[in-house]
Amino acid sequence: MKVGRPRDRSTGISTADAESITVRGRDLTQLIGSMSFTDYFVLLLMGRPPTADERYFLDACLIAIAEHGLVPNVQAARMTLAADPGALQAAVAAGILGCGSVVLGTSELAGRMLDAAIARVPAGGDEQTTALEIAREYRARHAALPGFGHPLHKPIDPRAQRLLALADERGTAGPHVRMARAFGAVADEVWGKQLTMNVSLAIPAVMLDVGFPLEALKGIPILARTASLLAHLREDGTQPLGFYLADHAAEAVNFVAEGAS
């Protein structure tokens, strides 16, 4: 069975020959030493350097989401390194594979919710009414509201509050930040309990308002957490926790024989 080939077999990201490397139409050697990694990331992603606001908020979001202690994907990475101390790449991969719809990956879901909500606001309508309608729809189908809830940060997530405040200070707060706040104003009412607006809602709110592409939102926590994983794994070389975490997980769970009541 032959697999069909795409009609346009091309890439616009990079090419190389014996004497040069070209990235997004630029000589890589001219970028080395003249461009920050944040700027280079945006150049790779979007084909152009970031605007000042994109750079500012991408840096802010990367710092906000990079580190949060011994969360599940960090533990997975440390335990993987314990199993094979020479496989740093496998340990990093294990941690990144833990970036899903509950941990870290929620920014994309929250961004799509914000975008859809903005499109639903009628002419002359207000964001809060639309947010209330959408929140009730999530609740009715027993679905989590993306970007809300946190096991530790209650009643606020300080990272989320800081990012939104920076958008106000910098004058970039627009329809996505307003919609995020609208959801924040109605979530408790719809769920009948306190729900924390977490950093995974603030990230898409501030980034979409400065023009960052929706489909690339998940890349922000993945990129940020890679740096954090490398720090944890370096530390694990001198302060190993992998087997300790695994042993304590086993101790914390009771074994019940199959069929036992």
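You'll find the structure just up there.
Sequence order as written defines the numbering, with residues in each chain counted from 1. pLDDT decides what is reported in this predicted model: residues at 70 or higher carry local features, side-chain atom pairs at 80 or more are listed and counted, and totals for whole chains, interfaces and linings draw on all residues regardless. Think of the side-chain values as coming from all heavy atoms in the structure, minus any hydrogens and water.

Peer 1: Summarise the overall build of the protein chain; cite the residues concerned and give the values.
Peer 2: Counting secondary structure elements, the protein chain contains twelve helices and three strands. Seen along its three principal axes, the alpha-carbon backbone of the protein chain occupies a region of about 65 × 60 × 50 Å. The classification of residues rests on relative accessible area computed with a 1.4 Å probe and restricted to protein chains. Under 20% of the type maximum is buried, over 50% is exposed, and intermediate values are partly exposed. A buried classification covers 39% of the 261 residues belonging to the protein chain. Using a 1.4 Å probe, accessible areas were evaluated by the Shrake-Rupley method; residue-level cover was limited to the displayed protein chains. Entry remark: accessible area of the protein chain is about 14,700 Å², with carbon and sulfur atoms responsible for 57%. Seen as two clouds, the 24 positive and the 28 negative side-chain charges of the protein chain have centres 5 Å apart. Under the scheme used here, helices are H or I runs from DSSP no shorter than 4 residues and strands are E runs no shorter than 2 residues, and both carry numbers assigned from the N terminus. For the charge count, each Lys or Arg is scored as positive and each Asp or Glu as negative, with His and the chain ends excluded. Note on charges: their place is set at NZ of Lys, CZ of Arg, CG of Asp or CD of Glu.

Peer 1: Please provide a residue-by-residue account of the layout of surface pockets, values included.
Peer 2: With a 1 Å grid laid over protein atoms only, a set of points is called a cavity when a 1.4 Å probe fits there but cannot get out and a pocket when it is open yet has protein on both sides within 12 Å along at least five of seven lines; lining residues have an atom within 4 Å of a point. Grid points are joined across faces, edges and corners, and a volume is the space filled by probe spheres set on the points. Considering only enclosed or pocket space, the largest pocket measures out at about 730 Å³ in volume. Considering the residues around the largest pocket, the lining is formed by 30 residues, among which Val102, Gly149, His150, Pro151 and Asn198 are closest to the centre. Any residue outside Ala, Val, Leu, Ile, Met, Phe, Trp, Tyr, Cys, Pro, Asp, Glu, Lys and Arg is labelled polar, Gly included; the first ten of those are nonpolar and the last four are charged. Its residues assigned to classes, the lining of the largest pocket comprises 16 nonpolar, ten polar and four charged.

Peer 1: Could you give me a rundown of the packing of aromatic side chains, with the residues and numbers involved?
Peer 2: Stacked, tilted and edge-to-face are the three classes applied to pairs of Phe, Tyr and Trp rings, where Trp contributes its six-membered ring and a pair requires centres within 6.5 Å; stacked means planes under 30 degrees apart, edge-to-face means over 60, and tilted covers the rest. Scanning the entire structure with this criterion turns up one aromatic pair. Plain terms: the ring middles of Tyr56 and Phe57 are 5.1 Å apart, the flat faces sit at 80° to each other, and that makes the pair edge-to-face. A residue is classified by how much of its surface remains accessible, and Tyr56, at 32% relative accessible area, is partly exposed. Under the relative-accessibility criterion, Phe57 is labelled buried at 0%.

Peer 1: Which residues make up the environment of Thr15, and what values do they have?
Peer 2: Counting through the fold element by element, Thr15 comes out in strand E1 (residues 14–16). Take Thr15: its relative accessible area is 51%, and that puts it in the exposed class. When the C-alpha atoms of Thr15 and Gly25 are compared, they prove to be 8.9 Å apart, with ten residues separating the residues in sequence. With residues up to four places along the chain from it excluded, the contact list for Thr15 reads Ser20, Ile21 and Thr22. Residues count as neighbours in contact if any of their non-hydrogen atoms are within 4.5 Å of one another.

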